[in-house]
Amino acid sequence: VTGVQTCALPIYSLITEPYDIVWDCCCDHGFLGMALLERGIAKHINFVDIIPTLMEALEQSLQQFEQGKSLPSWQVRCEDVAQIKLPTAAKQVVVIAGVGGDLCLKLIEQIIANNPQSLHQLSFIICPIQHLYKVRAGLKACNLKLENEQIIVENKRFYEVLHVSVNASQTLTQTGAQMWDKHNPQHHQYQQQLLNHYTRMLNKDRLYYQKVITEYQRVFEC
């Protein structure tokens, strides 16, 4: 797909239905949002990041990108993702990828708290770095349910991509239910990596981390 880096492809592929607004948050160089602009999947795309120099460069890149093309409207917004204000009558998706799990969860919690009137038409697609067990627990506490999830491998590193919303019908589990394929050797490798990590954590809180280990040991039983 033109303009989409390999790590963004699973997120790109999860956006399968038209939206009024896509929020490409913590967007960095804006590759995902640009590809979605070219695809015309949304009426409007917001590129949001808090680093001024990055967003100035992105604005210039987008101006060059749209020359000679008929694209949906877009806006570069240099602001704190946690403080974005969502329209109340728009079908929209907030995409957050490439940030730590704790920060990702904090941003989602603040967006939900600041925009209670928009939740009925809002979904999130996220790809946090690490701490997915904790992130999933936090998402459940926000009453978010599962639309879709998958494991991806990029440069020998594993990531989880989750699509969640309050309107979804599937329960969000802390270790994942849909994404595991027992016939995929990479998924077994990812499971072992998680088990090794949480085994190292046992000396910090044995009761809690033993529970986590037991749950990850059972992922292929689903």
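Refer to the preceding data block for the structure.
Values in this document were obtained by computation on a predicted structure and should not be read as measured data.

Participant: Would you mind showing me how to read the packing of helix 2 (residues 31–39) against helix 3 (residues 52–65) here?
Facilitator: If you want to describe how two helices pack, look at the angle between their axes and the distance between the axes. Close contact between helix 2 and helix 3 brings their axes to 12 Å; oriented N to C, the two are set at 25°. Between helix 2 and helix 3, the crossing angle belongs to the class labelled roughly parallel. Between helix 2 and helix 3 lies a crossing of right-handed hand. Contacts between helix 2 and helix 3 involve Met34, Leu37 and Glu38 on the former and, on the latter, Leu58, Ser61, Leu62 and Phe65. Class assignment of the residues belonging to the contact of helix 2 with helix 3 gives a composition of five nonpolar, one polar and one charged.

Participant: Would you mind showing me how to read the pattern of salt bridges here?
Facilitator: Oppositely charged side chains may form a pair once their charged atoms are brought near each other. Scanning the model with the defined rule gives eight salt bridges in all. Here Lys69 makes a salt bridge to Glu38, at a shortest N to O gap of 3.4 Å. A residue pair is termed long-range when its members are at least 10 positions apart, and Lys69 in the loop between helix 3 and strand 3 (73–78) and Glu38 in helix 2 qualify at 31 residues. Given a relative accessible area of 37%, Lys69 falls into the partly exposed group.

Participant: I tried to follow the pairing of strand 5 (residues 122–129) on my own but got confused; where do I start?
Facilitator: Counted residue by residue, strand 5 has seven buried out of eight residues, so it is predominantly covered. Sheet topology note: the strand 4 (residues 92–100)/strand 5 ladder contains seven bridges and is parallel. If you follow Ile96 over to strand 5, its bridge partner there is Ile126. Handedness of the crossover is the feature at issue here: the chain leaves strand 4, passes through helix 4 (residues 101–114), returns alongside strand 5, and the resulting connection is right-handed.

Participant: Explain the side chain of Thr175 to me, please; I cannot follow it from the model alone.
Facilitator: In this fold, Thr175 is placed in the loop between strand 7 (157–165) and helix 6 (185–200). Ignoring sequence-local partners within four residues, the contact set of Thr175 consists of Tyr133, Arg136, Trp180, Glu215, Tyr216 and Val219.

Participant: Before we go on, may I ask you to explain the packing of aromatic side chains in this structure?
Facilitator: Within a pair of aromatic rings, the relevant descriptors are the distance that separates the centres and the angle that separates the planes. Counting across every chain of the model gives eight aromatic pairs. For the pair Phe158 and Tyr190, a centre-to-centre distance of 5.1 Å together with 25° between the ring planes defines the contact as stacked. One end of the pair, Phe158, is in strand 7; the other, Tyr190, is in helix 6, with 32 residues separating them in the sequence. When its relative accessible area of 11% is taken as the criterion, Phe158 is described as buried. Under the relative-accessibility criterion, Tyr190 is labelled buried at 4%.

Thresholds, definitions, all that
Residues numbered from 1 in each chain as written. Predicted model: local features only at pLDDT ≥ 70, side-chain atom pairs only at ≥ 80, totals over all residues. Heavy atoms only, no water. Axes fitted to C-alpha atoms, helices over the stretch in contact; angles between N-to-C directions. Helix = DSSP H or I, 4+ residues; strand = E, 2+ residues; numbered from the N terminus. Parallel < 35°, antiparallel > 145°, perpendicular 65-115°, else oblique. Left-handed = near helix turned anticlockwise from the far one by under 90°. Contact = heavy atoms within 4.5 Å. Nonpolar A, V, L, I, M, F, W, Y, C, P; charged D, E, K, R; others polar. Salt bridge = Lys/Arg side-chain N within 4 Å of Asp/Glu carboxyl O. Buried < 20%, exposed > 50% of the residue type's maximum accessible area, 1.4 Å probe, protein only. Pairing = 2+ DSSP bridges. Right-handed = clockwise from strand over helix to strand, strands pointing away. Phe/Tyr/Trp six-rings, centres within 6.5 Å; stacked < 30°, edge-to-face > 60°.

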